[in-house]
Amino acid sequence: MSQHLSEAPESAARTEEGVRAESEIRADWWREAVIYQVYPRSFADGNGDGMGDLPGITVRLPYLRDLGVDAVWLSPFYASPQADAGYDVTDYRAVDPMFGTLTDADDLVREAHALGLRVIVDVVPNHCSDQHEWFKQALREGPGSPLRERFHFRPGRGEHGELPPNDWESIFGGPAWTRTVGPDGTAGEWYLHLFAPEQPDFNWEHRAVHDEFRSVLRFWLDLGIDGFRVDVAHGLVKADGLPDIGHSEQLALLGTAPMPYFDQDGVHEVYRDWRRVLDEYPGDRIAVAEAWTPTIDRAARYLRPDELHQAFNFEYLTTPWDAGELRAVVDRSLRAMGAVGAPATWVLSNHDVTRHATRFGNPPGAGTQLREAGDRELGLRRARAATLLMLALPGSAYLYQGEELGLPDVTDLPDEVRQDPSFFRASGQDGFRDGCRVPIPWSGTEPPYGFGPRPGGPSWLPQPSQWAGLSVEAQTGDPASTLELYRAALALRRSHPALGAGTAVTWLDAPDGVLAFRRDAADGSGVVCAVNLTGAPAALSVPGRMLLRSDAAVSAVSGGHRVEGSFTMGDTIAADTAVWWAV
Ligand code: GLC
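Residues numbered from 1 in each chain as written. Predicted model: local features only at pLDDT ≥ 70, side-chain atom pairs only at ≥ 80, totals over all residues. Heavy atoms only, no water.

What to know about the pattern of salt bridges
Per the stated rule, a full pass over the model turns up 37 salt bridges. The shortest N-O distance in the salt bridge between D265 and R301 comes to 3.2 Å. Residue D265 is located in the loop between α7 (250–253) and α8 (267–279), and its partner R301 is located in the loop between α9 (296–300) and β12 (310–311); the two are separated by 36 residues in the primary sequence. R301 gets classed as partly exposed once you look at its relative accessible area, which sits at 23%. The salt bridge partner of D297 is R335, with a shortest N-O separation of 3.8 Å. Of this pair, D297 sits in helix α9 while R335 sits in helix α11 (residues 323–340); the two residues are 38 residues apart in sequence, bridging distant segments of the chain. The exposure class assigned to D297 is partly exposed, which follows from its relative accessible area of 41%. Where salt bridges share partners, they join D84, D352, D420, R433 and R437 into one cluster. (Salt bridge = Lys/Arg side-chain N within 4 Å of Asp/Glu carboxyl O. Helix = DSSP H or I, 4+ residues; strand = E, 2+ residues; numbered from the N terminus. Buried < 20%, exposed > 50% of the residue type's maximum accessible area, 1.4 Å probe, protein only.)

With respect to the site of the ligand
For the ligand, the set of nearby residues contains 14 residues, the closest of which are D84, H127, D231, E290 and D352. H351 is positioned such that a nitrogen or oxygen atom in its side chain is 2.9 Å from an oxygen atom of the ligand. Within the side chain of R433, one N or O atom sits 3.0 Å away from an oxygen atom of the ligand. Relative to its free-state accessible area of 300 Å², the ligand is covered by the protein chains to the extent of 96%. Taken together, the residues of the shell around the ligand break down into four nonpolar, three polar and seven charged. (Near = heavy atom within 4 Å. Polar contact = N/O pair within 3.5 Å; in protein donor to acceptor, adjacent residues only side chain to side chain. Areas by Shrake-Rupley, 256 points an atom, 1.4 Å probe, with all protein chains shown as cover. Nonpolar A, V, L, I, M, F, W, Y, C, P; charged D, E, K, R; others polar.)

Let's talk about the packing of helix α13 (residues 376–392) against helix α16 (residues 482–495)
Between α13 and α16, the shortest axis-to-axis distance is 10 Å and the interhelical angle comes to 10°. Compared by their axis directions, α13 and α16 come out roughly parallel. Mapping the contact onto sequence places L380, R384, T387, L388 and L391 in α13 and T482, L485, Y486, A489, L490 and R493 in α16. Split by residue class, the contact of α13 with α16 holds seven nonpolar, two polar and two charged. (Axes fitted to C-alpha atoms, helices over the stretch in contact; angles between N-to-C directions. Parallel < 35°, antiparallel > 145°, perpendicular 65-115°, else oblique. Contact = heavy atoms within 4.5 Å.)

With respect to the side chain of K238
By the secondary structure assignment, K238 is in the loop between β10 (227–230) and α7. With a relative accessible area of 7%, K238 lands in the buried category. Of note is the side chain of K238, whose polar atom sits 3.0 Å from the side chain of N126. Setting aside residues no more than four positions away along its own chain, K238 makes contact with N126, H152, W168, L192, L194, D201, F202, P260, Y261 and Q264.

A short note on the packing of helix α3 (residues 54–67) against α16
Helix packing geometry: the angle between the two helix axes and the distance between the axes. One way to put it is that α3 packs onto α16 with a least axis distance of 8 Å and a crossing angle of 60°. The orientation of α3 relative to α16 falls into the category oblique. Taking contact as the criterion, the partners of Y63, D66 and L67 in α3 are, on α16, L483, Y486, R487 and L490. Partitioned by chemical class, the residues of the contact of α3 with α16 number five nonpolar, no polar and two charged.

Concerning the domain arrangement of the chain
Quite often, the size of an interface is put as the accessible area lost when its parts meet. The domain boundaries assigned to the chain delineate domain 1 (32–125 + 207–475) and domain 2 (133–192). Taking the mean C-alpha position of each, domain 1 and domain 2 sit 30 Å from one another. Roughly 1700 Å² is buried in total at the junction of domain 1 and domain 2, and carbon and sulfur atoms are behind 59% of that figure. Its largest share of buried area at the contact with domain 2, domain 1 owes to L242, D244 and R425, together 34% of the area lost on that side. Note that R157 and D244 form a salt bridge whose closest N and O atoms lie 3.0 Å from each other. Across the contact surface, domain 1 and domain 2 share eight residue pairs in polar contact (both at pLDDT 80 or more). (Domains from an automatic or database assignment. Buried area = accessible area lost by both parts, 1.4 Å probe.)

Topic: the packing of aromatic side chains
Where two aromatic rings form a pair, the distance of their centres and the angle of their planes describe that pair. If you walk through the whole model with that rule in mind, you get 34 aromatic pairs. Their ring planes at 50° and their centres at 5.3 Å tell us that W321 and F360 sit as a pair that is tilted. Linking W321 in the loop between α10 (314–317) and α11 with F360 in the loop between α12 (356–359) and α13, this pair joins segments that are 39 residues apart in sequence. Residue F360 is classed as buried on the basis of its relative accessible area, which comes to 7%. An angle of 75° between the planes, with centres 5.5 Å apart, marks the rings of W507 and F517 as edge-to-face. (Phe/Tyr/Trp six-rings, centres within 6.5 Å; stacked < 30°, edge-to-face > 60°.)

Some thoughts on the nonpolar core
In terms of nonpolar packing, the biggest core is built from 153 residues, with L64, W220, Y271, Y316, L548 and W580 touching the most fellow members. No other element matches the eight residues that α11 contributes to this core. When we break this core down by domain, the ones giving at least three residues each are domain 1 (32–125 + 207–475) and domain 2 (133–192). Beyond its immediate chain neighbours, meaning those up to four positions away, W220 contacts F77, Y78, Y92, R93, V95, L102, A105, V121, I225 and F228. Listed in part, the 15 residues of the second largest apolar core include I171, W190, L194 and F195. (Core = buried A, V, L, I, M, F, W, Y, C linked by side-chain atoms within 4.5 Å.)

What follows is the structure, encoded as structure tokens:
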């Protein structure tokens, strides 16, 4: 017997007021934006040196407009020795020569705006590079110098100061402190770095740090950017006195336990201040927090009306392919964000985690740093379904470059080519982030697949020899491709009034392991999204017109997209598949 979808009794009734509020908030672009993360090293290499760059990105912007995203977020392209792929900045107002010039950045922003795309840039306020002028001066001037107060310098513990000042561990492995060595070779104070030793943490108790970052924000806002992605937004303020944690396996606690270096209440003062700066500028300039907090409710505190606009939903990203768990995290997210009037956000991949096409092909609980390819076919099938689920949810969605091509993680990179500092710091136990950073295949049959201008030319990480079929060129116009599925889904999301911004979903009764919910527009139209997360077909019917399904080819028709074939009452929904219907 097929199960007819009806409103689940426990689902919240949608009031007139709720629907009105939903249509009113559409004015704020960021409340429903699809934001595409560009990782500049790996997107497009304009000059053929094997490293992606800003001119390369600019040339490819029409691709992103045609894909149907609203905004682009660029990971750091600032002057940097690249100890952590640009998250170690020496000059926050300069473009690293390997990525281009400030003029190139200006061109990129202008071109994006001309195409109707917004531009978000990374800002890295928790730490800088050990080659930053402030840090070099602080080292030169020695203990007691006021310049050292902009960082966390401390004498060591132990008889001769030979032990780190506290027991904190670096996120990349090893102690979070490194001892300085004076010009005469004698060991001196220690400095704090939550990440690599090349990334000293700023002391946000110091006025100069606040002033500097206000000025950095203004620099990029003046250049016309539309917002910031705030790196390690939860880390700026440390607990008074830098107390010991008393636990030697701190990495295992990350994300679940309160830490004296994360999510301290004082950090919110910084964002209230930043919000005032953003609000000085015309247009909706936004900031999105990278804040790994113990709970979604803690993340929502960064989004109170006078703070930031969005936060990445890492709880969603780390939820396994399980109907119950996904439904719970969707409800939790909507409730927590609704409480502060912020849009929920959804994300499946970024430059720090194994791509979700690979995660979903591995056993649940395997984590986000995988070295196993897993079941490729299953992973891609689930990834396509997960995309339709994500894009049907209310709020804003983040895509990571290459997911629209269904790229798997490159899990078999030889260790000699790896560059992720956490790989080396953790003695190869962790830190497989290079696998999701392999350059994008655009065209052609051999590496670098159009990433750079010359066939056979270099790419900073090697691309697999089987990627020709995954290139943008190979997938364009193929209705069965993942790229065309993304294009169709994004076009529908943009054109259908029930999709995009919103604060609620209406859950519908569905068989075990199947999620089904309805989104309603003020004009009475709606969309139902159903996802079968079980490994077997599920009987299900929806009285509506099918718009899109993740297990079938899409075919463009005038005025929109529709699927090949028909899907009517009494049909089944295949295993690991998502379907959208207009109701
Ligand atoms: C953030 C970035 C990551 C970087 C770290 C240190 O988590 O996303 O790539 O390594 O911060 O800046």
